[in-house]
Amino acid sequence: MALILLLAMAVSLFTACSDDDGAPPEGAFPADFLWGAAVAGFQVDMGCPTLDASQCLDTGSDWYVWVTDPQLIAEDGNHLSGDPLSYSPGHWELYETDYDLAAGNLGLKAFRTSIEWSRIFPESTVGLEGHDELTAVANMDAVAHYRAMFEAMRARGLEPYVTLHHYTLPRWMHDAVGCHLDLDGCSPRGWLDRETIVREIAKYAGFVAAELGDVVDQWITQNEPFAVILGGYLLPSEDRTNPPGVAMAFEEVRQVATAMIEAHARMYDAVWAADVGDADGDGEAAQVGLVFSVVPTQPMDPAKELDVLAAENVLYLYNLAFLNGVILGDLDEDLDGVAEHREDLAGRMDWLGVNYYSVVVVEGRSYAVLPDLSELATFDPFTFRLDWDAPSGIYEALVLVRDRYPDLPMIITENGFGDAEDTEGARKFLVEHLTWVSRAIQDGVDCRGYFYWSLMDNYEWNHGFAMRFGLYGVDPLDPAKERTVRPIAQDYARIVAGNRIPADLREAYQSGGRSR
Ligand code: FCB
């Protein structure tokens, strides 16, 4: 009887009616599933229609230098678009319009954005201690502006999910050009100044949490730390180059990974200590997570032992080595597969944000291709195939995290289609990926929400405006930066409203069954 009751309760958690066999229906989501959209400060804030550049444009970050420096743009290998930041959608000014779209038109309940460290602290905080000393050098207008943004979200019923580090560092922490030209001799060296950056980013996190904790409960310490490492120090490529954009800097890869893992733990502690305001009234002042791009791997030929082994190695080096550090406190500093447990790093993850874009298909070698990185690098990074058209990979990503880190709640913090002007491609992308998310939940994965990347077209890092991800289109040359609704936005609104993928969309776009 109890079992029957439990089953009935489980089924009723899903809002739509059941299929004939009593299982929750295909494409349905739990009643309290959190629907959202995501942006990041650097990518959306600038390009304001009327606001003065002194307020809208942030020239204080390493990424500002990275995408605007003529020498870097001209140099082969940096893959920089040269698009001006004035192309960006001006969210710093138009945020209320955007929240109206997110809450009113799409019916979302959450919105993910990031705070730019360089806006809060345009000048160095080195040597300063305590809230008063930090307040004296902080840009309090920027703090007030962020407060206004989060209050505007709340006023519309949007729960703010706030990333503290989404790729960018203040220039006083990282000399992008200097480190690109001379990684050993540059200063400041960003993530390579391990002690300094861990201390300063934790101060920044604590300061922001103390200032804004009464309007924000959900914090994200870092976005996609492995992307910072891959595009910054290992394999800068057309896909993504990050400052300092240096290839094969093996020792630095290890140092940056360790610094970022330590930084997560210290940021987590700082936010928990400083955020005393319970913004949503659930009895908890803060929940702190980290966002990771989980990349499931597949052997090029599943029948070849070497390919299978190489796929395991990539899974470890690109995903698990970092996740074991931030989730379990098991730190593999040498990247040799052997970790040391550190209690000061363990137990500091309230939930994990999973970004999903692609799987990687891997060919193996009988020797370490990058021995200076790790004996585990038996994969050939030059024959890597990133498969962007792999909707079932989102299921694999969720399951692989669940299997390794049971009891850790997850949220899909990004998933999106980079050719938004291909209307049918984008619509199919959404339906297929959400179908797999719903299957994962029905198979017992604790995934509590989904944030589409992105609400509107924005500045896609080194690609500038060449890649468009928006549910809403923005013409970079339109001085008003008007948002134009795309058909995928209407589909998303219907899915959100019904908490289920409507049958007509499933029939039109959902291909294949449960196997790839
Ligand atoms: C992710 C980033 C995000 C955006 C999407 C397309 O790697 O986190 O800022 O660029 O890719």
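Predicted, not measured: the structure shown is a model, and the values here were computed from it.

Thresholds, definitions, all that
Residues numbered from 1 in each chain as written. Predicted model: local features only at pLDDT ≥ 70, side-chain atom pairs only at ≥ 80, totals over all residues. Heavy atoms only, no water. Helix = DSSP H or I, 4+ residues; strand = E, 2+ residues; numbered from the N terminus. Rg over C-alpha atoms; globule rule 2.2 N^0.38 Å. Buried < 20%, exposed > 50% of the residue type's maximum accessible area, 1.4 Å probe, protein only. Areas by Shrake-Rupley, 256 points an atom, 1.4 Å probe, with all protein chains shown as cover. Pairing = 2+ DSSP bridges. Axes fitted to C-alpha atoms, helices over the stretch in contact; angles between N-to-C directions. Contact = heavy atoms within 4.5 Å. Phe/Tyr/Trp six-rings, centres within 6.5 Å; stacked < 30°, edge-to-face > 60°. Near = heavy atom within 4 Å. Polar contact = N/O pair within 3.5 Å; in protein donor to acceptor, adjacent residues only side chain to side chain. Nonpolar A, V, L, I, M, F, W, Y, C, P; charged D, E, K, R; others polar. Patch = residues over 30% accessible without salt bridge, like charges linked within 9 Å, V, L, I, M, F, W, Y side chains within 5 Å. Salt bridge = Lys/Arg side-chain N within 4 Å of Asp/Glu carboxyl O. Lys, Arg positive; Asp, Glu negative; His and termini not counted. Charge placed at Lys NZ, Arg CZ, Asp CG, Glu CD. Core = buried A, V, L, I, M, F, W, Y, C linked by side-chain atoms within 4.5 Å. Disulfide = S-S within 2.5 Å.

S.K.: I would appreciate a short explanation of the overall build of the protein chain in the present structure.
M.R.: Scanning the protein chain from terminus to terminus reveals 18 helices and 15 strands. Over its C-alpha atoms the protein chain spans a radius of gyration of 22 Å, differing by no more than 12% from the 24 Å that the globule rule assigns to 516 residues. For the protein chain, the C-alpha atoms occupy an extent of roughly 65 × 60 × 45 Å along the three principal directions. Looking at the 516 residues of the protein chain, the share that counts as buried comes to 61%. Accessible surface, the protein chain: about 19,100 Å² in total, of which carbon and sulfur atoms supply 52%.

S.K.: Teacher, can you tell me more about the sheet that holds strand β2 (residues 110–114) here?
M.R.: Sheet strands pair by backbone hydrogen bonding; their relative direction is either parallel or antiparallel. Spatial ordering of the closed barrel is given by β1-β2-β3-β4-β5-β9-β12-β13, a layout of eight strands whose pairing is parallel. Taking the axes of each pair of neighbouring strands and ignoring which way they run, one obtains an average angle of 25° across the sheet. Pairing between strand β1 (residues 34–38) and β2: three bridges, direction parallel. Among the inter-strand pairings, A37 is bridged to a residue of β2, identified as F111. The sheet contacts of helix α17 (residues 487–498) involve β1 and β13 (447–453), and relative to β1 the element is tilted by about 155°.

S.K.: Just checking my understanding: could you explain the packing of aromatic side chains for this structure?
M.R.: Following the criterion strictly, the structure yields 31 aromatic pairs and no others. Judged by centre distance (4.9 Å) and plane angle (75°), the rings of F29 and W35 are edge-to-face. Across this residue pair, the class does not change: F29 and W35 are buried. Considering the side-chain rings of F121 and F207, the 5.0 Å spacing of their centres and the 55° angle between planes classify their relative orientation as tilted. Separated by 86 residues along the polypeptide, F121 in the loop between α7 (117–120) and α8 (130–137) and F207 in helix α11 (residues 194–212) bring together distant segments of the chain.

S.K.: Which parts of the structure should I look at to understand the site of the ligand?
M.R.: In the vicinity of the ligand there are 13 residues, among which Q43, H166, N223, E224 and E460 approach most closely. A distance of 2.8 Å is found between an oxygen atom of the ligand and a side-chain nitrogen or oxygen belonging to H166. Taking R240, its side chain carries an N or O atom lying 3.3 Å from an oxygen atom of the ligand. Here the ligand has 290 Å² of accessible area as a free molecule, and 95% of this is covered by the chains. When grouped by side-chain class, the residues that make up the shell around the ligand number five nonpolar, four polar and four charged.

S.K.: I'm lost on a negative patch on the surface in this one. Help?
M.R.: On the surface, D278, D280, D282 and E284 cluster together into a negatively charged patch. Counting through the fold element by element, D278 comes out in the loop between α13 (250–274) and β5 (287–293). Take D278: its relative accessible area is 30%, and that puts it in the partly exposed class.

S.K.: In this structure, what is going on with the pairing of strand β9 (residues 351–355)? I would like to understand it.
M.R.: Side-chain direction in a regular strand flips from residue to residue, so the side chains alternate between the two faces of the sheet. Within β9, five of the five residues are buried, leaving the element largely enclosed by the surrounding structure. The alternating pattern of β9 places W351, G353 and N355 on one face and L352 and V354 on the opposite face, and all of these are buried. Bridge count between β5 and β9: five bridges; the pairing is parallel. Within β9, the residue paired with V291 across the bridge is G353.

S.K.: So what exactly am I meant to see when it comes to the nonpolar core here?
M.R.: Side chains of nonpolar character tend, in soluble globular proteins, to be buried together. Membership of the largest hydrophobic core comes to 164 residues, with the highest contact counts inside it found for W35, W191, W219, L352 and Y450. Not counting chain neighbours up to four residues away, the residues in contact with W35 comprise F29, L108, K109, A110, L434, Y450, Y492, I495, V496 and N499. Within the second largest apolar cluster, 13 residues are counted, among which are A38, A110, W351 and F451.

S.K.: Looking at this model, I keep getting lost on the pattern of salt bridges. Mind explaining?
M.R.: Where charged atoms from two side chains of opposite charge approach closely, those side chains can pair. Considering all chains together, one arrives at 31 salt bridges under this definition. One salt bridge connects R342 with D344, and the closest N-O pair in it is separated by 2.9 Å. Judged by relative accessible area, which is 16%, R342 ranks as buried. On the basis of relative accessible area, D344 is assigned to the partly exposed category, the value being 30%. Across the pair K428 and E432 runs a salt bridge, and its minimum N-O distance is 3.0 Å. With K428 and E432 both in helix α16 (residues 423–442) and four residues apart, this pair spans about one turn of that helix.

S.K.: What is the right way to look at the side chain of S61 in this model?
M.R.: Within the fold, S61 resides in the loop between α3 (53–56) and α4 (62–68). For S61, a relative accessible area of 0% gives the class buried. Within the structure, S61 has its side chain in polar contact with the backbone nitrogen of Y64 (distance 3.1 Å). The contacts of S61, once residues within four sequence positions are left out, are F42, S118, T168, L169, P170 and R171.

S.K.: What exactly am I supposed to notice about the environment of A202 here?
M.R.: Along the chain, A202 turns up in helix α11. A202 sits 34 residues away from P236 along the chain, and the two C-alpha atoms are 27 Å apart. Apart from residues no more than four positions distant in its own chain, A202 is found in contact with I197, R266, M267 and A270.

S.K.: Would you take a moment to explain the state of the cysteines for this structure?
M.R.: Each disulfide is one covalent bond, formed between the sulfur atoms of two cysteines. Here the structure, examined in full by the defined rule, presents two disulfides. The partner cysteine of C48 in its disulfide is C56, sulfur to sulfur 2.1 Å. Negative torsions about the S-S bond denote left-handed disulfides, and the value of about 85° found for C48 with C56 makes this one right-handed. When sorted by exposure, C48 lands in the same class as C56, which is buried.

S.K.: Got a minute to help me understand the sheet that holds strand β11 (residues 385–387) in this structure?
M.R.: Taken in spatial order, the three strands line up as β6-β10-β11 in an open sheet, and their pairing is mixed. Unpaired on one side and paired on the other, β6 (297–299) and β11 mark the two borders of the sheet. Between one strand axis and the next, the sheet turns through 30° on average, direction left out of account. Pairing of β6 with strand β10 (residues 359–362) involves three bridges; the strand directions are parallel. Bridge pairing links T297 to V360 in β10. Its contacts with the sheet place helix α14 (residues 305–328) against β6 and β10, and it is angled at close to 165° to β6.

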